[in-house]
Each structure stands twice: as structure tokens, then as C-alpha cells.
Amino acid sequence: MKRALPATLVLALGALALWLAAPALAQPMATGAPYRSVWGLDSRQVVWVVAQLHILFGAFVLGVPIFAVTLEAVGMNNGDPRYDRLAHECTRLLSAAFATTAAFGGLLAFVLFGLYPGVMRHIENGMHPTFYIYGLVSLVEVFTLYFYYYSWKRLASREPRWPRVARLLRYPARLMGALFVAAVFYLFLWNGDVAIQSMGVDPRDIAAGAPAVRPAHALYHQFPFFAAAFLMLWGTYAYAAGKKNFHVFFGVLLNTCGIVVMVIANSWGTFMMSPTGFDAAGVFVGDTWGAVSTPLWRPLNLHRLMGNVAFGGFIVGGYAAVRFLAAERKEDRAYYDWMGYVGNFIGISGLLLIPFAGYYLGREIYSYSPVMGNDAMGGFLSWNFVMQAVLIGFLFICVNFYLWSGMERIEGAERYRPFVKYILAALALSFLVWVIPHNLPVRPEEAAAMGTQYHPVLKYLGLMPAKNAAVNFILLSTYWSFMLYRRANKGELARFRDAGGMRHVVIVVFLGTGALVALWAARVFGLDPARLALAASVRPIFHFHAFMIVSQVGVQLAAVVLAWRDRGKLGQALLLGYTAFVAVGVFGASGFYVLQTANPFLRHLAVSQVLLVLTAMILTTAIDLAIFRGAAVIGRIRWGEVGARPQYALVLLAVCVVLTMGLMGYIHSGVRQDWHFYMSVRDVSPKAQNPNLAEVGYVVAFITVVYLSLLSFVFWLGTFLADDNAALPAPGAAPESQSASALSAAPAANAEEAAP
Amino acid sequence: MTRASGRHVGGVVTAALCLIGSFALLGSYFNQLSGAASYDVTRWRGSGHGEAKVSAFVGQGIFLAPRFACAACHKIGQEGVGIRGPNLGVMLPSVAEPIAMRAAKAQRGKTAVQHIVQALYEPDAYVAAGFDARIMPAVNKPPLMLTHDEIRSVILFLFQRSGVAPTAALTEEILHAQRAYMTDVPTAVIAAVPRPAHEPRVRGDARAGAEHFATLHCDSCHRTGGPAAGASALGHAGDGDQLFLAIADHPSVDAGAVATRDFTVEQLRDLAAFLQSAAKPKDAGAP
């Protein structure tokens, strides 16, 4: 009876809405016009709301399978049943949300074809072959999802079918898998050489009206065969290795389909943002590949992929938090507490990488059209980015708060609590810099008092060097929080020589990160000022920065040597501290000088900051995994024994990430302003204008409320699928080897006894 | 569901709604702060060639409008934030002259007007040292799509900010220079564009400058070639462009002093040529 109440309420609200809309339903509709409206509603807002809801559901159903199959694989390898249960629960949510995503996709297609038939005619002309591929792959995805979900129990056995075949194919399959991932990254997520060759020209030439037809590079033609060979090889290996492996293979297949669907849908959006193939009269004369392979397609693919993972992680975290708060059994609280932690961990992992992907996308936007870049970051959309900065800052503060308050459940964490205030100060400082706009709105008398429109000091905080320094400091601070959390209940370290294979992993990671940084430093050192249209006299600036960059390689080496000599913590502190000093302090300050004297070099400086921070985090993590492997455990993680506050933080994270996605969705479209297809086909509809900030705020808030309501409803329905009487797996079986995994801080399973 | 868990569910819903509501209010608040009305891109559009009023004031509006975001790349002196394009004013020590003066000597054989017109219509034809090519868009093409009248207004504004009066003669000179780029305008309309009263010159005319020196009453305070009672001497054997700038920046501190910002660019150029020629025999010191 209680469960029927929400459904009754929804039906009642639907009936009320229909009754209110009845007069509008009777209105005659225009036919044959390039623009139409329906029931007196604003067509632009109708498309906006429906498209954003579809994208939000799409992000969930594309992001969750990525970590669901990862969790399943982790559970398969370490034998902890909780990972398998978590992966299954995520997939259950997925299957319930999938139909809603498809329904919104259909509705979006209907409203687009119905309300903007002229626009859709252009997309049809250029891209109709992609519609069929999209539909077919979606169909395969649906059936793969069904199979993946419903065969969970049937394919649970880990007993190998053909042990010899499995042993024979294990390493070839893994190697090919690694190559497959690298190929996907290079061909579809990176505007590298091959991608540029496939476009045939510099992206900026495309903006300037480049040749319309550009055949794809030969590698793209060969990729489907390579992908098919990989799937066959992996499938054979998985089948031979046992039912569970075969089940994981279907999870990989599901993700492959999901990514294909995502990149096709992205291509429709980027065709509008950075179109190719239009003649001067706005008639499409190009080819389909050219329409797909636009300059912003790959950067957006990368940005969305990471965004989807983070989005899915935070939504799962929010779901777990609500289930935790509503749980009545101690075991349920322990499980959902752990689930929330894992969701948050996945969210953080994505969140730490998204700024880099976002920077890459922004850089490509500037390369494609400086006007579009200016409109976004320095023009009429700049206040939207201030709103986004507030949300991002809130996200990071919530993430950190969750980690800090989550330490309550960890015995031994009190040793690290004094650090929290410093991290909070760093976050608050960076957040303030992050949100301060360059052009503060001031009254005339205030401007007169200052003597200028800009504040004499604060104006500098609005410039890119300050923003870059702030965001890198936020990332490092959050990473530090996470490091503290990981070691909260760890005591004396084991000897590094006892770390086994992790020692070699540290060396390999160092060789990779060191080489990457050294290569970049060499490139900066050898940069020809003339290539940046700068005078030769600025060369010392390049040399100075190259020296600072390469010096971090020395510190990386020192960190590894210290770890080798059982001073790993000192090595980590040295590496992170030096990276913060260089990337935030030195480059943050020198950025202002570069801004004035060698502006085109500023892009290289930003990449340098990103590279240093990223490599430092990667190497520090590798060292962390090695030095804490086998470390003494001085306290338990009492899963489920935590207050409500961290759970509220998780819920707010989920809400905030929806708001952020909604706002960014607007910015992606809004940056085109009065162009359906940027610089090619004008929007001449009566409302060819961008909404003001208030309208953006209200519409995004409305979308968020609708999305979260629908998602809650879908999740609630999903609970019907769960076997309420199923016994929860006895938590606590976490094997020791887990402490080496990135998730190792989580699995102190037994609420009472087990130690991680 | 227990009472405690029910309370938490209520708390979760309340917290979520508070956050969403705060976001909506933030948008509204920022809207008030930024003064951004619903952003209408047609706001600055004339309804056709010749219908929009051409003036430095309109040019200023276009220059500062978020829609066109000129100021996002170009500072004018200390004003603005843009650094991706050249500073259009004076910012010592790196930028000693405003754009109209720099434009006058940027390309051999082109007047300041011709150079600036080319910079707006064909920005990559000449890229200032230290700046990237392909950054500045052709302002008459997508996505900016300024009309020729709007472009003329912007140029008038730039001259005004360089200390040159946006006179009718200057407007005519700009219009004349624009003709080469009016490919979208009927030939008959272009043919009807009047020639400037005086053919634009790259170099000043010293003889005309001598006449201006007298008719503009410069000689009431200054004399050439040596000190004069109650006033400074004029003339410098150095760069004529420095003289040009010095005259354009003439301070109007004394009652009755002539405001050189009302001079045309031709007058300034002629005066500079006259003073330069007058100072050649001997260096009479700084003005």
C-alpha cells in the first residue's frame, strides 16, 4: 500500500497536467514552416528540456556499465562477493533506467523533427547513414544489456571450460585489449595526427571554409576489422576461461556498444558546433565522414566519456546514501556505506580527470574559432562559467567533506585530522580564486573610486594563470585528502622489497611519467619563438620553463629512490610538494609574465601545469600501492558506523553533478548563439537569442528536479526487481591482496571485526 | 520504513531542493549583477546597409558588446582585459602609440585608414609582430557578420580613441577604403560612394601643415625653431610619427588652448610633416 502511494500521486499529477493543457491541445498547428510550436509552448525550451533529460539519462546508462563491469572483474579476481553484488545492483539500476533513456531519445527525435524540421533536414542530409548505425548498435546494446543482467546468476561459475585454451589466449587477449583501448583513444578521443589527416586540413582551415569532402584516414577503415578481431579473440578466451569470464566479456561488449552510441550522438551535436561541408548558401555539400569528423568531435567524446563515469559514480553514491539512511539492518548499512564510498571513489576518479579533458576541449574550441572561445570564456557566457565554477567548487568541497567525515569510521584516522584544516584552507583559497570573475560588476561610483572598471588586485585573479593555478591546487588538495583517507588505519610500512610485483610497477610508471615529462620539457626547450610569432628574445622564457619542468623528473626519481630505501612517505611528500611549488606557485606567477610578454606560449604553460600534476598523482599512487602493501593495520574500518552527514554530502554531490551537467549542456548549445550550424546556417526563428542567466538557472533547476524525480521513481521501481529476501553476502571476506588495489580503503567489510 | 529513516528521506529531499533552489537563485542574482538582459543578437544589427547610424558612439557600443567581444582580445591602453590581440591604445613602455598612429606606418603605401580597414576585413593579410595569425576573424563574415556601416562605426571609434576627431571627411575616407570589400553590395551602390574630398595621403604635406599651424592658431603659443616667450618651442628632427603622437596628445590645460583631439588625421599628419621639416636644420629641443 505504501509503495502504491507514489505511483498514485504521479498518475494524479499527470491527469492534472493534461486537464490544464487541454485548451492548448486544441490549438491548430502550423504546417510546412521551418519552425513550429506545439501547444503554445516555447519550442526552444521544449527541445532544451527534453534533450537535457535524455542526455542525463544517457550519461547514467553509459557511465554505469563502465564501472559495473570493472567492479565485476575486480570481484572475479579477488573473490570478494560484495563487488559482484555491487556490480549487479548497478546493472539492475541500469536496466530500469535504460527504457527511460530510450523513451526520452524517441521524444527528443519527435520534438526535433516536429518543431525544427528545417534544421533536421540539414542533419538528415549530412548524417542520415549514422542514424541507421546508431539504431542498429542501440539494438545490439539493448540485447547485450538484457543478456548481461539476466544471465548474472547463470554465468556465475568461474570454472574454466577449456583451461589450456584459456592459458594460451590469456596474454594475447590482454595485449589486444590494451591495443584496442589505445586505438579507441587515438582515433576517437584525440585530435592527433591521424585524426587531423582524416580531416585533411587544420581545424582552423575548416572554420575558414575548407574543402567539403575529406575521406577518412586508412586507419579508420581498418579499425572495424581490428575491433572485430579483438572481440572474437577476447570472446573465445572468455568462453574458454569460464562462465564468469564470459559474462564479463558481455559487459565489455555492452560498453563497446555504449561508447559507439555515445560518439555517434556526439557527432550530431558537434556537427552543429563546428560544422563542415556547407557552402556559402548554407547548403550541405559535404560527405558524412566530414560531418562526423569535425574538430570538436573527439575532444567532446573524451570530455563526455569522463563526465559520464563521474556522473554515474556520484549518482550511484547518492543512491547508496539514500539506501543507507533508509536501511534498518546493520548489514544493509554496512553494505550501502561501502557502496557509497565506492561510488564516491569512482566519481572522484572521473572528477580529477575532467578538468584536463575540459581544458583540452576548450583549447580545441579556441583553435577552431577564437570567437567561439571568447564567447564562451570571455564573452557573454563567462557568467555561466562563474556559475559552473561555483558548482565545481561545491563538488570538490563536498567530496573532501565526505572523505574527512568518513574518517569517523576508521580507527587511527585521528592522526591525520590536523591536516584537514590546511586542506580546507587550500580549497577555500583556490575556490575563491576560481570563482572571481575578471570583470567584477561595479557601480559607477565604485569604478570612479578604483579609477577603472577593474579592481586593481582582484582583476588578476580572473585571468587564466590564476585560474590554472587554482584548479591545479584544488586537484592536488583533493588528492591529498584521498591519500590521507587511504592510509587512515595503516601503521608501520612493510619493507619496499616485500612489495613484490608492485616494485616493478613503480619503476614502469616512473619510466612512463618521467619520459613523458622529459619529452615535453625537451619540446618546450626547443620551441622556436618564430613558430609562435614571437621575437627570438623570448627564448629564455621557454628555457626557464623547460628547466622547471624537467626538474620534476629529478624529483620523481628522488621519490622512487626514497621509496626503494623505505622512505616512501617522504618521497611522496617531496613529489607532491615540489609539484605544487612548480605547477601552482612558480608557473602560476610566471603565467602573468608570459601573459604580457609571450602570450602565445601561455597554452604550453597550461599544458605543463596539467602534465606535472597528472604525472605526480599517477606516480604517487603507484608508490602508495607499493609501500602500503602489507603495511601494519592499526585499526578497523567500521562500515556502517558513520553519521548521517557524509550521506547527505553524497546526496548533495549527486544533485550538484546533475546541475553541473545541466548547465554545461546549455553552454554546449548556447555557445552557437544564433546559429543552428555555427557560421553556416543561421537561426532565424523568432527567439534566436540566448536566455539570460536567470532563465538558465530556472530551466536547469527545473530539469534537475524532473530528472531526479524520474530517476528516484525508476530506482524505486528497480527495487521491485531485487530479491528482498536474498541474504546479503557476509561481509568481511576481503582478502589481504585487496589492500593493494585502488579500492582497498573501502573493503573493510565486516562492520565489526574485519580490518582492511 | 521507520520513523528515523522517514525523517532522513525527508531531510534528503529538503537538502536537494535547497541546493537546487540556491542554484536557481544564484542564476537570478548573477543576472542582476551582470546586468544581462535576455541576450538578443539582433540588438546591434541595422536592418540594412545605410540604415544604421554611423558614429564613433555606435562603434564603441559594438566594440564593447559581448556579442562581438572585440574587447575580449584587444585592450585600449589600460582599459579592458584582452591580450590575444594588439593593444589598441597606449600602454608604455611596450605600446607607445595608439592604433591610428601605428596604423599610419604599419605598411608602406597604405594610410592608417586603409590599414585598419584591411585589418578588419582581411586580418591575416598583415599580422602584428608577436601575435598569432588566424586568431582575428574577418569581421564582415560569420560568426561576427558586422555590416559595413557597423565596421565604419568601429573604425571611427578607434580613431577617436587615438585622439583623432571622427569627422565627416574621415568617414568618407573609411567608406572609400571599404569599397574593395563590399562584394555583397550592388555595384551601383559602390559606384555611388563619393571620393574623399582629399585623396588620402600616406605622408603629410609640410606646406599644408604650415597653413594649419597658422589657421589653427598654433602660433599663438608656439613658434618653430626655438624658444618663444610664454610657450614651448616646437620641432624635432626625429621621427615624424613621434611628432604626430605628441600633437595628438596635446594637453589642453591652459584656458584657450586648442584641443588637438578635434583635428583630423590629415591635419595632424600635415602638422607633423611641417614641424619635422621646420626642425631639420637644427634640433630645437622637445616641444
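Residues numbered from 1 in each chain as written. Chains lettered and ligands numbered in written order. Predicted model: local features only at pLDDT ≥ 70, side-chain atom pairs only at ≥ 80, totals over all residues.

Student: Would you mind going over the overall build of chain B with me for this structure?
Tutor: A tally of regular secondary structure across chain B gives 10 helices and 3 strands. Overall, chain B shows an N-to-C arrangement of helices and strands of α-β-α-α-α-α-α-α-α-β-β-α-α. Looking at chain B residue by residue over its 287 residues, the buried ones come to 39%. The contacts in chain B between residues at least 6 apart in sequence include a share of 61% that link residues at least 24 apart. (Helix = DSSP H or I, 4+ residues; strand = E, 2+ residues; numbered from the N terminus. Buried ≥ 20, exposed ≤ 12 C-beta atoms within 10 Å, placed from the backbone. Contact = placed C-beta atoms within 7 Å.)

Student: Explanation requested: the overall build of chain A in the structure shown.
Tutor: Within chain A one finds 24 helices and 3 strands. Burial analysis of chain A (756 residues in total) assigns 50% to the buried set. In chain A, 80% of the contacts between residues at least 6 apart in sequence involve partners at least 24 apart.

Student: Which parts of the structure should I look at to understand the confidence of the model for chain B?
Tutor: Caution applies to low-pLDDT parts of the model: their predicted coordinates are not meant to be read in detail. All names here are of chain B. For chain B, the mean per-residue pLDDT works out to 74, and 68% of the residues sit at or above 70. No element of chain B has a lower mean pLDDT than strand S1 (residues 39-40), at 44, and none a higher one than helix H4 (residues 112-121), at 93. Under a pLDDT of 50 for its full length, residues 37-52 has, in the predicted model, 33 contacts with residues more than four places off or in other chains. Throughout residues 227-233 the model reports pLDDT below 50, and contacts reaching past four residues in sequence, or to other chains, amount to 14 contacts. The complex model carries a pTM of 0.79, and its ipTM stands at 0.82. (pLDDT = per-residue confidence, 0-100.)

Student: Can you help me understand the packing of helix H18 (residues 464-486) of chain A against helix H22 (residues 602-627) of chain A in this one?
Tutor: When two helices pack together, their arrangement is given by the angle between the helix axes and the distance between those axes. Residues and elements named next belong to chain A. The contact between H18 and H22 brings their axes to 10 Å, and the two run at 5°. Judged on the interaxial angle alone, H22 and H18 are roughly parallel. Seen from H18, the contacting residues are Met464, Asn468, Asn472, Leu475, Leu476, Tyr479, Met483 and Arg486; seen from H22, they are Leu602, Ala606, Gln609, Val613, Met617 and Asp624. Grouping the constituent residues of the contact of H18 with H22 by class yields 9 nonpolar, 3 polar and 2 charged. (Axes fitted to C-alpha atoms, helices over the stretch in contact; angles between N-to-C directions. Parallel < 35°, antiparallel > 145°, perpendicular 65-115°, else oblique. Nonpolar A, V, L, I, M, F, W, Y, C, P; charged D, E, K, R; others polar.)

Student: What exactly am I supposed to notice about the interface of chain B and chain A here?
Tutor: Often the size quoted for an interface is simply the accessible area lost on bringing the parts together. Residue-level contacts link 47 residues of chain B with 52 residues of chain A. Put simply, the parts of the chain that give the side of chain B that touches chain A at least two residues each are helix H1 (3-34) and S1 of chain B. When residues in the side of chain B that touches chain A are grouped by element, the largest group, 17 residues, is from H1(B). The residue makeup of the side of chain B that touches chain A, split by class, is 31 nonpolar, 11 polar and 5 charged.

Student: Looking at this structure, I do not really get the packing of helix H2 (residues 56-64) of chain B against helix H5 (residues 148-161) of chain B. What am I missing?
Tutor: Residues and elements named next belong to chain B. Interaxial distance between H2 and H5 falls to 7 Å at its minimum, and their mutual angle equals 100°. With respect to their mutual orientation, H2 and H5 come out roughly perpendicular. The residues of H5 that touch H2, namely those facing Ala56, Val58, Gly59, Gln60, Ile62 and Phe63, are Glu150, Ser153, Val154, Ile155, Leu156, Phe157 and Gln160. Here the residues of the contact of H2 with H5 sort into 8 nonpolar, 4 polar and 1 charged.

Student: How should unusual backbone geometry be read in this particular structure?
Tutor: Generally, phi is negative for residues other than glycine and the peptide bonds are trans, each holding for most cases. In this model, B:Pro142 is joined to B:Pro143 through a cis peptide bond whose omega is 5°. Looking at the element boundaries, B:Pro143 is found in the loop between H4 and H5. Even without a glycine there, the phi angle at A:Trp39 is positive, about 55°. The topology assignment puts A:Trp39 in the loop between helix H1 (4-25) and helix H2 (43-78). The backbone of A:Asp566 shows a phi angle near 60°, a positive value even though the residue is not glycine. Structurally, A:Asp566 can be placed in the loop between helix H20 (539-564) and helix H21 (568-597). Judged by the 16 C-beta atoms lying within 10 Å of it, A:Asp566 falls in the partly exposed class.

Student: What is the right way to read the nonpolar core from this model?
Tutor: For soluble globular proteins, the rule of thumb is that nonpolar side chains tend to be buried together. Core analysis: the biggest nonpolar cluster contains 235 residues, and A:Leu395, A:Leu653, A:Val655 and A:Cys656 have the highest contact counts within it. Counting residues per element, this core draws most heavily on H2(A), at 20 residues. In this structure A:Val655 touches A:Thr704, A:Leu708, B:Ala16, B:Leu19 and B:Ile20, once residues within four positions along its chain are discounted. B:Leu120, B:Leu156, B:Leu268 and B:Ala278 belong to the second-largest nonpolar core, a separate cluster that totals 49 residues. (Core = buried A, V, L, I, M, F, W, Y, C linked by C-beta atoms within 7 Å.)

Student: Which parts of the structure should I look at to understand the environment of A:Val371?
Tutor: Within the fold, A:Val371 resides in helix H13 (residues 370-378). The spatial distance from the C-alpha of A:Val371 to the C-alpha of A:Val613 is 30 Å, given a sequence separation of 242 residues. Setting aside its immediate chain neighbours within four residues, A:Val371 contacts B:Pro137, B:Pro143 and B:Leu144.

Student: I tried to follow H2(B) on my own but got confused; where do I start?
Tutor: Structural remark: α-helix, 3.6 residues per turn; residues separated by three or four positions point the same way. All of the buried residues in H2(B) are B:Ala56, B:Val58, B:Gly59, B:Ile62 and B:Phe63. With its buried residues spanning 155° around the axis, H2(B) presents them on a single face. (Arc of directions from axis to C-beta.)

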